[in-house]
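Fold and contact review
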Amino acid sequence: MKLERRSIVWLAAIVVAVNGFFPAVWILLTSLKTETELIMSPITYLPTAPTLANYQIAFTAQPILRFMWNSLVVAGLSTALCVFVSALAAYALTRLRMPHRNLVMSLLLAVAMFPLISLMVPLFKVMRELGLLNTYPALILPYAVLSLPVCTLVMASFFQDIPPDLEAAAMVDGCSRVGALFRVVIPLSAPGVFTAAILAFVNAWDEFLLALTMMNRVSMRTLSVGITLYQGEFAFPWPLISAALIIAIVPICIIIAVFQERVVGGLTSGGVKG
Amino acid sequence: MSDAPISTGKDLSERALAAVLLAPAALLLLVIVVYPIATLFFSSLHTVDNANPAAGEQWAGLANYTRAFDDDRFWHSLGQTVLYIVVTVPGALIVGLGLALLANQPFRVKWPVRLGLLLPWALPLVFAGLIFRWFFEYQTGIVNDVVVRLGGEPLQWLSSPTLATAAVCIAIVWKSSSFMALMLLAGLQSIPRSLYEAAEVDGATAWQQFVEITLPMLRPAIFVALIFRTITAIQTFDIPYAMTGGGPGEATETLAMYIQKTTLDFLDFGYGSALAALMFVLSMVVTSGYLRYTRRGPSRPT
């Protein structure tokens, strides 16, 4: 009975892990194969003669490091902007007496439900008129807005848990209200701020539609769009594409591996509290 | 503390401070969301002659909308979008619930399961689309390899409209179910153990416990997860874009893909704006329907 229970637990862990990891493992294996091995029939599972040549080509066939740098700049700066703006908003919504609080909250949530494609068409025109196409702000600004609702909600839920007395004490000591926000509330809710930042970063890193629309110069492509440039019009060099994919998912894997508990907490806190 | 005048003065300054702190967010929303959406409706009533772009936007009335009404490709892409919603929302819920129940076991080492749920969530949608395209390749894909090993004939996954649609649905369900699972898992973990212990004392089977305790207690979490999934399903773009490019022909094309093509490839901003406006209205209808239900739904005692 005891043994049976243990094996069920093991089986459950294996199913969940295989479901999550299999695609990544499969492209890792593919990236080590040669084109000749690829067309063998029946297909091989493990590479017969593992090679790193595809990685070498991945770095030279397309400016993948440039793509990665673009993604880093866009995701990093939009995250900073988003966290700053949402921290101020979350503070106003949780700590200050203000009229129409619920209305403001609902408006914020409504924005989160806007279809991006409807925004894409006019935003493209706005950015074109401002001469911002193929510049970082064309993505930084929309990405900051994209994550604004979720970041505000996550931080608001953390701000709520900080005792108002601490803030009052800081203000007695001569801190202004805004000073108390930056010296007391934000440092004390660092985990919340951090969680919000990770969510905003991953959202920006993964976004495709706007990145495809706003940046049509190869040197300005972000990683998610740049990856699609490895395919020919009719040919899909899978070992090469796989190598590029592996390079591209390394940063995101590091983030979720290091901050896994934070990320899970942040993802679910917004959801459960609704 | 007790004197009222000071507290109203404080109220006023608090209101002013709240306004100042909300201003940056409001400004961003105004520039990036409100103004573009307003111009969207304006553009949808105009047309630009691509042969003579200097003439600028010409008033077109409702011509762009009536054109959509007669456009088979619009109706097909709309139908395809609805199909993806109808298949992948329940599909992701069922798979996600399964994953959540599996992940809710008492593991001693937690990271393989946690990362197993996080990786599909963190993987960009386009990457998932590309990887699944590779899975479904006719000659070299692993799906057909499994089909053949099981004694079947290899299938033309990506060149048959029906199979391509199925393949896209499978990819979407895989990609979105783990986020569902994470949300449902949080719901599962908030169910008090004592409920199950009491049920066990009363001799309830595992299935009875699932139906009588787990599902009802999970209702709010399921509801939130469904809203999220539906809203994203309406906008389906990345996965079919990477997997099939909308093909074969336009068989797997979604409304979002058609809008993107109309505007950026055909440079038909008037028509593209009209389609985008229709999509905007459509998703607002769905969202407000959900919100109306939320206001009654979960707060209603069960």
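What counts as what
Residues numbered from 1 in each chain as written. Chains lettered and ligands numbered in written order. Predicted model: local features only at pLDDT ≥ 70, side-chain atom pairs only at ≥ 80, totals over all residues. Helix = DSSP H or I, 4+ residues; strand = E, 2+ residues; numbered from the N terminus. Buried ≥ 20, exposed ≤ 12 C-beta atoms within 10 Å, placed from the backbone. Contact = placed C-beta atoms within 7 Å. Rg over C-alpha atoms; globule rule 2.2 N^0.38 Å. Nonpolar A, V, L, I, M, F, W, Y, C, P; charged D, E, K, R; others polar. Core = buried A, V, L, I, M, F, W, Y, C linked by C-beta atoms within 7 Å. Domains from an automatic or database assignment. pLDDT = per-residue confidence, 0-100. Axes fitted to C-alpha atoms, helices over the stretch in contact; angles between N-to-C directions. Parallel < 35°, antiparallel > 145°, perpendicular 65-115°, else oblique. Left-handed = near helix turned anticlockwise from the far one by under 90°. Expected span 1.5 Å × (residues − 1).

**Let's talk about the overall build of chain A**
- Along chain A, the regular secondary structure elements total 15 helices and zero strands.
- Over its C-alpha atoms, taken along the principal directions, chain A stretches across nearly 75 × 70 × 30 Å.
- Across the 274 residues in chain A, those meeting the buried criterion constitute 45%.
- Residue pairs in contact within chain A that sit at least 24 positions apart in sequence constitute 77% of those at least 6 positions apart.

**Side note on the overall build of chain B**
- A tally of helices and strands in chain B yields 12 helices and two strands.
- Along chain B, from the amino end to the carboxyl end, the secondary structure elements read α-β-β-α-α-α-α-α-α-α-α-α-α-α.
- Rg of the C-alpha trace for chain B: 25 Å, well past the compact-globule value of 19 Å for 302 residues, more than 25% over.

**Observations concerning helix α11 (residues 255–265) of chain B**
- Within α11 of chain B, eight of the 11 residues are buried, which leaves the element mostly enclosed by the surrounding structure.
- What α11 of chain B keeps buried is the set Leu255, Ala256, Met257, Tyr258, Ile259, Gln260, Thr262 and Thr263 of chain B.

**As for the interface of chain B and chain A**
- At the junction of the two partners, chain B supplies 76 residues and chain A supplies 69 residues.
- With 18 residues, helix α1 (residues 4–44) of chain B is the largest single contributor of residues to the side of chain B that touches chain A.
- Each residue belonging to the side of chain B that touches chain A can be placed in one class, and the counts come to 55 nonpolar, 15 polar and six charged.

**Quick notes on the environment of alanine 196 of chain A**
All names here are of chain A.
- Within the secondary structure, alanine 196 sits in helix α11 (residues 190–206).
- Here alanine 196 falls in the buried class, since 28 other C-beta atoms lie within 10 Å of it.
- Between the C-alpha atoms of alanine 196 and serine 242, which are 46 residues apart in sequence, the distance is 31 Å.

**A short note on the nonpolar core**
- The biggest cluster of nonpolar side chains holds 162 residues, and the ones touching the most others in it are Ala144, Cys151, Met155 and Ala244 of chain A together with Leu182 of chain B.
- The biggest single contributor to this core is helix α7 (residues 161–189) of chain B, with 16 residues.
- Three or more residues apiece are contributed to this core by two domains, here domain 1 (1–34) and domain 2 (72–296) of chain B.

**Here we look at the environment of valine 111 of chain A**
- Within the fold, valine 111 of chain A resides in helix α5 (residues 101–112).
- In this structure valine 111 of chain A comes out as partly exposed when scored by C-beta crowding, with 19 C-beta atoms within 10 Å.
- The residues touching valine 111 of chain A, leaving out its near neighbours within four places in the chain, are Pro149 of chain A together with Leu29 and Val33 of chain B.

**Description of the domain arrangement of chain B**
- Partitioning chain B into structural domains gives domain 1 (1–34) and domain 2 (72–296).
- Computed over C-alpha atoms only, the centres of domain 1 of chain B and domain 2 of chain B are separated by 40 Å.

**Let's talk about the confidence of the model for chain B**
All names here are of chain B.
- Averaged over all residues, the pLDDT of chain B equals 86, while 91% of them reach at least 70.
- A low-confidence stretch, residues 1–8 stays under pLDDT 50, and its non-local contacts, those more than four residues away or across chains, total zero contacts.
- Low confidence marks residues 297–302, where pLDDT is under 50. Its contacts with residues over four positions away, or in another chain, come to five contacts.
- Confidence estimates for the predicted assembly give a pTM of 0.89 and an ipTM of 0.89.

**Points about unusual backbone geometry**
- Its identity is not glycine, yet asparagine 134 of chain A carries a phi of approximately 65 degrees, on the positive side.
- Take asparagine 134 of chain A: it is sitting in the loop between α6 (116–129) and α7 (137–146).
- A positive phi angle, near 50 degrees, is found at leucine 267 of chain B, a position not held by glycine.
- By the element assignment, leucine 267 of chain B lies in the loop between α11 and α12 (269–296).

**Notes on the packing of helix α5 (residues 125–135) of chain B against α7 of chain B**
Residue and element names in this part refer to chain B.
- Contact geometry for α5 and α7: axes closest at 10 Å, N-to-C directions at 135 degrees. In this view, α5 runs oblique relative to α7, as classed from their interaxial angle. Once α5 is placed against α7, the crossing between them reads as right-handed. Contact residues: α5 offers Leu125, Ala128, Gly129 and Phe132, while α7 offers Ala167, Ala171 and Lys175.
- Split into classes, the residues belonging to the contact of α5 with α7 amount to five nonpolar, one polar and one charged.

**Describing helix α8 (residues 148–159) of chain A**
All names here are of chain A.
- With 12 residues, α8 ought to run about 16 Å at 1.5 Å a step, and its terminal C-alpha atoms sit 16 Å apart, in line with that.
- Counted residue by residue, α8 has 11 buried out of 12 residues, so it is predominantly covered.
- Restricting attention to buried positions, one finds in α8 the residues Leu148, Pro149, Val150, Cys151, Thr152, Leu153, Val154, Met155, Ala156, Phe158 and Phe159.

**Section: the confidence of the model for chain A**
- Taken as a whole, chain A shows an average pLDDT of 86; of its residues, 96% reach a score of 70 or greater.
- Here helix α15 (residues 260–273) of chain A stands out as the least confident element of chain A, with mean pLDDT 67; α7 of chain A is the most confident, with 94.

**A closer look at the environment of arginine 221 of chain A**
All names here are of chain A.
- Structurally, arginine 221 can be placed in the loop between α12 (209–214) and α13 (223–226).
- On the neighbour-count criterion, arginine 221 (24 C-beta atoms within 10 Å) is buried.
- Ignoring anything within four residues of it in the chain, the contact list for arginine 221 reads Phe67, Asn70, Met215 and Gly226.

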